[in-house]
Amino acid sequence: MDDKTVVLNASLVDYDGKVDYNQIASDVVIYDETPEDKILERVDGFTIVVTKEMKVAGDIIRQFPDSVKMICEAGTGYNNIDLDAARDKGIMVCNIPAYSSERVAHTAILLMLSLASSLQKQIRMLAQGNHDNFHKHLMVDHVEVNAKTLGVIGYGNIARQIIKVAQAMDMKILVATRTARDDVDGIHFTTNNEVFEKSDFISLNCPLNESTRHMINSETLAMMKPSAYLINTARGALIDEKALIQALNDGVIAGAGLDVQEVEPLDDASPLYTMDNVIITPHMGWRGLETRQRLVSMIGDNIRAFASGRPINRVDEVRA
C-alpha cells in the first residue's frame, strides 16, 4: 500500500496536542507549519500531501515531484488549492465533507440566538460594571426567533443542519440554491434576492468561488431589512467586509455574527472587534475536540481509499 504521507500544517488542527495525525497512514511525516518556500522540499518523495486551509498555488503545484499523487484538503472548502494545476499534473485532490456539519451549524445557531438577545452588548455592560439590565428594565433589544424568517444561501450538509434546528425553533425557512428546487418539508426554495429582501436572519452556507466572492456587498446589504442579522460560518470573503462595516455603522442592517473573516486572522485594528452589533469568533465552528478528531479519522479514510485504488471525496473532477 503506497500511503507515504506528509502533513504540512498539522498545528492548525492539532494546536492542543489532542489529535493524533499518526493514525492516518502507515508512513507519516508531520510538520506543524510549512512556509511557502519549504513546500516543494517537504513534499519531495511523498505520495500524499495533507493540508488544512493552506494556500497551495498553481505555480507550486506544477513543480511538485512526480511522487505526489494526491492532495488531501483537511476540510470541506478547497478554494485554497489550484485544481487546474493539480489536473495538469495528474494529481488527485480530495476533501473531507460533512465532518463538522453539526458543530458548524450549532455555531450559526449560537450566533443567531446571541444576536437576538443582544448578548454581546450585555457582556460588555457587565465588563464595564454596568448592572442596569438587572436593576432597571432590560436596557437592550431582546427578540424572539420563533416565527421569524431564516434565509439560507446554499443547501449543503451544514445548511441542512442549521435548517433542522431552526425549524425546531419554529422559524420559517427560505433557501437560495444555484439550481431550482421544489419546496419540501416547510422549506421554500427561491432566489438570492428574495432571501435578502424577506429574511430576518440570513445564514451564508455556500462555497467561495469567483461567482460568490463578495456576494454580500453594498448593493445586497441595501436589499436587506434594517432589522435583519447576517450570519457567516462559511468563508469570510463571501462578504465585502468594508461594505458590511459601513452598513452596520449606518443601520442598514441590525447586526452580524461572523465566525469567518475576509482575511484570517482578522487585523487587530478592525472595528469588528468592538462593534456592539457584531459578534465575532475565531473560525471556531470546526474546532470542537470531537470534530477535529473526526476530521483526522476521515483523512485516514481518504488515504486508505486512495491506496486501495478506490478514491473517495474527489473534488478535482468537479469543474466550475
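Residues numbered from 1 in each chain as written. Predicted model: local features only at pLDDT ≥ 70, side-chain atom pairs only at ≥ 80, totals over all residues. Heavy atoms only, no water.

### Notes on the overall build of the protein chain
Then, in step 1: A count of helices and strands for the protein chain gives 11 helices and 12 strands.
Then, in step 2: Radius of gyration (C-alpha) of the protein chain: 21 Å, near the 20 Å computed for a compact globule of 320 residues.
Then, in step 3: Principal-axis analysis of the C-alpha atoms gives the protein chain an extent of 65 × 50 × 35 Å.
Then, in step 4: Taken across its 320 residues, the protein chain has 50% of its residues classed as buried.
Then, in step 5: Pairs at least 24 apart in sequence give 61% of the contacts found in the protein chain among residues at least 6 apart.
Then, in step 6: As presented, the protein chain carries roughly 15,400 Å² of accessible surface, and 49% of it is formed by carbon and sulfur atoms.
Then, in step 7: Distance between charge centroids for the protein chain: 3 Å, based on 32 positive and 45 negative side chains. (Helix = DSSP H or I, 4+ residues; strand = E, 2+ residues; numbered from the N terminus. Rg over C-alpha atoms; globule rule 2.2 N^0.38 Å. Buried < 20%, exposed > 50% of the residue type's maximum accessible area, 1.4 Å probe, protein only. Contact = heavy atoms within 4.5 Å. Areas by Shrake-Rupley, 256 points an atom, 1.4 Å probe, with all protein chains shown as cover. Lys, Arg positive; Asp, Glu negative; His and termini not counted. Charge placed at Lys NZ, Arg CZ, Asp CG, Glu CD.)

### Digging into the sheet that holds strand β3 (residues 48-51)
Then, in step 1: Judged by pairing direction, the sheet is parallel, and its 5 strands sit side by side in the order β2-β1-β3-β4-β5 without closing on themselves. Each edge of the open sheet is held by one strand with a lone partner, namely β2 (28-30) and β5 (92-94). Put simply, the sheet's adjacent strands are angled 15° from each other on average, direction ignored.
Then, in step 2: Relative to strand β4 (residues 70-73), β3 runs parallel, the two being bridged by 4 bridges. Looking across to β4, one finds that Thr-51 is bridged to Glu-73.
Then, in step 3: Here helix α11 (residues 289-307) sits on the sheet in contact with β1 (5-7), β3, β4 and β5, set at roughly 160° to β4. (Pairing = 2+ DSSP bridges. Axes fitted to C-alpha atoms, helices over the stretch in contact; angles between N-to-C directions.)

### So, the packing of helix α4 (residues 101-116) against helix α7 (residues 157-168)
Then, in step 1: Viewed as axis vectors pointing N to C, α4 and α7 meet at an angle of 50°, and their least axial separation amounts to 8 Å. Taken together, the axes of α4 and α7 lie oblique to each other. Of the two elements, α4 crosses α7, and the hand of that crossing is right-handed. Residues Ser-101, Glu-102, Val-104, Ala-105, His-106, Ala-108 and Ile-109 of α4 form the contact with α7, whose participating residues are Asn-157, Ile-158, Gln-161, Ile-162, Val-165 and Ala-166.
Then, in step 2: The class makeup of the residues in the contact of α4 with α7 is 8 nonpolar, 4 polar and 1 charged. (Parallel < 35°, antiparallel > 145°, perpendicular 65-115°, else oblique. Left-handed = near helix turned anticlockwise from the far one by under 90°. Nonpolar A, V, L, I, M, F, W, Y, C, P; charged D, E, K, R; others polar.)

### A few points about the nonpolar core
Then, in step 1: Counting 32 residues, the largest nonpolar core has Ile-153, Ile-216, Leu-230, Leu-244 and Leu-272 as the members making the most contacts within it.
Then, in step 2: Mapped onto this core, the elements with two or more residues apiece are β7 (172-176), α8 (192-198), β9 (201-204), α10 (241-250), β11 (255-258) and β12 (278-280).
Then, in step 3: Here this core takes 5 residues from α10, the largest share from any one element.
Then, in step 4: Ranked by size, the runner-up nonpolar core spans 26 residues in total, among them Leu-115, Tyr-155, Ile-163 and Ile-187. (Core = buried A, V, L, I, M, F, W, Y, C linked by side-chain atoms within 4.5 Å.)

### A short note on the UniProt feature "domain: D-isomer specific 2-hydroxyacid dehydrogenase catalytic" (unreviewed entry) in the protein chain
Then, in step 1: According to UniProt, the "domain: D-isomer specific 2-hydroxyacid dehydrogenase catalytic" (unreviewed entry) feature falls on residues 27-315.
Then, in step 2: With 34% helix and 15% strand, residues 27-315 has its two end C-alpha atoms placed 24 Å apart. (UniProt positions renumbered as here; feature names shortened; annotations may be inferred.)

### A short note on the sheet that holds strand β6 (residues 149-153)
Then, in step 1: Pairing within the open sheet is parallel, and its 7 strands lie in the order β8-β7-β6-β9-β10-β11-β12. Only two strands of the sheet have a single partner each, and these edge strands are β8 (187-190) and β12. Averaged over all neighbouring strand pairs, the angle between strand axes comes to 15°, with direction disregarded.
Then, in step 2: Bridge count between β6 and β9: 4 bridges; the pairing is parallel. In the strand pairing of β9, Leu-150 is matched with Phe-201.

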